[in-house]
Amino acid sequence: MTLLTENKMKHLVSLADYDAEALWHFLELAKQMKHDQKSGNTKKIFEGKTLGMIFLKPSLRTRVSFEVGMTQLGGHAIYLGPDDIKLGQRETTEDIAKVMSGYVDGIMARVFGHDIMIDLAKHATVPVINGLSDLLHPCQILADLLTVWEHKNQLDGLKAVFVGDGNNVAHSWLNAAPKLGMHFTLACPEGHGPDPDILNYAKQFGTNVEVSHDPHAAVEGADVIYTDVWASMGQEAEAEAKKKLFQPFQVNAELVSKAKSDCTIMHCLPAHYDEEITYDVAQSANSVIYDEAENRLHAQKAVMATLMKNN
Ligand code: CP
Ligand code: NVA
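Being a predicted model, the structure only gives us computed values, none of them experimental. (Residues numbered from 1 in each chain as written. Chains lettered and ligands numbered in written order. Predicted model: local features only at pLDDT ≥ 70, side-chain atom pairs only at ≥ 80, totals over all residues. Heavy atoms only, no water.)

A look at the packing of aromatic side chains
The full count for this structure, using the stated rule, is 10 aromatic pairs. Residues Phe-162 and Tyr-226 carry aromatic rings whose centres are separated by 5.4 Å and whose planes lie at 15° to one another, so their mutual orientation is stacked. Of this pair, Phe-162 sits in strand S5 (residues 159–163) while Tyr-226 is found in strand S8 (residues 224–227), placing the two residues 64 residues apart along the sequence. Both residues of the pair, Phe-162 and Tyr-226, count as buried. Taken together, Phe-162, Trp-173, Phe-184 and Tyr-226 form an aromatic cluster joined through their ring pairs. Above the ring of Trp-149, the side-chain terminus of Lys-31 is found at 4.6 Å from the ring centroid. A cation over a ring is seen here: Lys-57 above Phe-112, with NZ or CZ 4.7 Å from the ring centre. (Phe/Tyr/Trp six-rings, centres within 6.5 Å; stacked < 30°, edge-to-face > 60°. Helix = DSSP H or I, 4+ residues; strand = E, 2+ residues; numbered from the N terminus. Buried < 20%, exposed > 50% of the residue type's maximum accessible area, 1.4 Å probe, protein only. Lys NZ or Arg CZ within 6 Å of the ring centre and 35° of its normal.)

Re the site of ligand 2
The immediate surroundings of ligand 2 are formed by Leu-132, His-137, Asn-167, Asn-168, Asp-228, Val-229, Ser-232, Met-233 and Leu-269. Measuring from a nitrogen atom of ligand 2, one finds a side-chain N or O atom of Asn-167 at 3.3 Å. Here a nitrogen atom of ligand 2 and a side-chain polar atom of Ser-232 are 2.8 Å apart. In the complex, the protein chains occlude 95% of the 270 Å² of accessible area that ligand 2 would expose alone. Class assignment of the residues belonging to the shell around ligand 2 gives a composition of four nonpolar, four polar and one charged. (Near = heavy atom within 4 Å. Polar contact = N/O pair within 3.5 Å; in protein donor to acceptor, adjacent residues only side chain to side chain. Areas by Shrake-Rupley, 256 points an atom, 1.4 Å probe, with all protein chains shown as cover. Nonpolar A, V, L, I, M, F, W, Y, C, P; charged D, E, K, R; others polar.)

Topic: the sheet that holds strand S3 (residues 106–110)
Strand order in the open sheet formed by four strands is S2-S1-S3-S4, with parallel pairing between adjacent strands. Looking at the sheet topology across the chains shown, the edges are occupied by strand S2 (76–80) and strand S4 (128–130). Strand-to-strand twist across the sheet, computed as the mean angle between neighbouring axes with direction ignored, equals 20°. Those strands touched by helix H2 (residues 61–72) are strand S1 (50–55), S2, S3 and S4, and its axis lies near 175° from that of S1. Lying over the sheet, helix H5 (residues 114–123) contacts S1, S3 and S4, oriented at roughly 160° with respect to S4. (Pairing = 2+ DSSP bridges. Axes fitted to C-alpha atoms, helices over the stretch in contact; angles between N-to-C directions. Contact = heavy atoms within 4.5 Å.)

Here's the deal with the nonpolar core
Counting residues in each nonpolar core, the largest one holds 60 residues, and the members touching the most others are Leu-12, Leu-51, Ile-129, Leu-142, Leu-145, Trp-173 and Met-182. Of all the elements, helix H6 (residues 138–152) adds the most residues to this core, at eight residues. When residues no more than four places from it in sequence are discounted, the contact partners of Trp-173 are Ile-141, Asp-144, Leu-145, Val-148, Ala-160, Phe-162, Pro-178, Met-182, Phe-184 and Tyr-226. (Core = buried A, V, L, I, M, F, W, Y, C linked by side-chain atoms within 4.5 Å.)

Some words on the packing of helix H4 (residues 93–101) against H5
For any two helices packed against each other, one specifies the crossing angle of their axes together with the interaxial distance. Running from N to C, H4 and H5 cross one another at 40°; their axes reach a closest spacing of 8 Å. Here H5 runs oblique to H4, going by the angle between their axes. Viewed along their axes, H4 and H5 form a crossing whose handedness is right-handed. Counting all contacts with H4, which are made through Thr-93, Glu-94, Ala-97 and Lys-98, the residues of H5 involved are Ile-116, Asp-119, Leu-120 and His-123. Its residues assigned to classes, the contact of H4 with H5 shows three nonpolar, two polar and three charged. (Parallel < 35°, antiparallel > 145°, perpendicular 65-115°, else oblique. Left-handed = near helix turned anticlockwise from the far one by under 90°.)

Comments concerning the site of ligand 1
In the vicinity of ligand 1, the contacting residues are Ser-59, Leu-60, Arg-61, Thr-62, Arg-110, His-137, Gln-140, Cys-268, Leu-269 and Arg-296. A distance of 2.6 Å separates an oxygen atom of ligand 1 from a polar side-chain atom of Ser-59. A distance of 3.0 Å separates an oxygen atom of ligand 1 from a polar side-chain atom of Arg-296. Across the shell around ligand 1, the residue classes tally to three nonpolar, four polar and three charged.

Examining the sheet that holds strand S9 (residues 264–267)
One open sheet holds the five strands; their spatial order is S7-S6-S5-S8-S9, and the pairing between them is parallel. Single-partner strands in this sheet number two, and they are strand S7 (209–212) and S9. Here the strands of the sheet are splayed against their neighbours by 20° on average, with no regard to which way each runs. Against the sheet, H6 makes contact with S8 and S9, and its axis sits at roughly 165° relative to S9, the strand it touches most. The strands touched by helix H13 (residues 289–308) are S8 and S9; relative to S9, the strand with the most contacts, the crossing angle is about 55°.

Remarks on the pairing of S7
Of the strand pairs in this sheet, strand S6 (residues 183–187) and S7 are connected by four bridges, and their pairing is parallel. Of the residues in S7, the one forming a bridge with Leu-186 is Val-211.

Considering the state of the cysteines
Considering all chains together, one arrives at zero disulfides under this definition. In this structure Cys-188 is a free cysteine whose sulfur lies 16 Å from that of Cys-268, the closest cysteine sulfur available. Among the residues examined, Cys-188 registers a relative accessible area of 0% and is labelled buried. Looking at the unpaired Cys-268, the closest cysteine sulfur is the one in Cys-139, lying at 13 Å. (Disulfide = S-S within 2.5 Å.)

Everything listed here is a matter of geometry and, on its own, says nothing about what the molecule does.
Set out below in structure tokens:
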């Protein structure tokens, strides 16, 4: 599998396309833009500009945060749901990318197969931002890293343990966290680990990157415990069968007690309470799930400001 995108830093398709310096640029700009917004000083850098948003799957956070982000920056966002343009049925991805490039200043897309995202980026002349594919969820992880940085004042040397499925969210953590000096463990049932190419990519950055099948051992010494749904969008047919297999990987009070006492609890949401995470842990003092959700707005404004400023 090709991990790097053609014309990579024009778009945000994958965090593998960005080195540590570029990732820190996003995080620092997001922090600045968050501060500006809270103090009423948001600069209207996108007056007259439009973001086209293609959604082939449902969304709360991604849709609302991108749209609100464009509004705050003086621009506008257009929502195109699955029935609006019927990507791949009514028209090819190539034609959609080329036509939209004549109207909008950036394209944000949420798709199934990652090949659609690669295709959009290949054919669009405006920046393409990955708002989740079956393989990756880079915007989520920028918001997550911003949240960890805010709560721990550092990233370097922290141990993050992702407990659950080796999915798109886990993959984007692997693409970014080791580059920033974080140790990363994925605790998952056998057969549900990450894509081997993404795992190998993550292992080259010199921090401790592991896959474990023992969640209790994995979370020892953890600064961050992260989880996500066991069956992602598009995998609903597997949900029932996964429930039993993944039960030992539930993030509950007993599991959390094995980590550091100040361990930060994270979840990208939406959550299936009392499956991958118990409601009490999600609402506990160490949980930052709503900060993460809010930080999607700030992180994505930084991404748009960086990629779309010259468009
Ligand atoms: N975390 C996240 O991407 O949420 P939505 O699916 O609601 O956009
Ligand atoms: N892994 C989940 C993330 C949702 C934000 C999914 O793809 O459905």
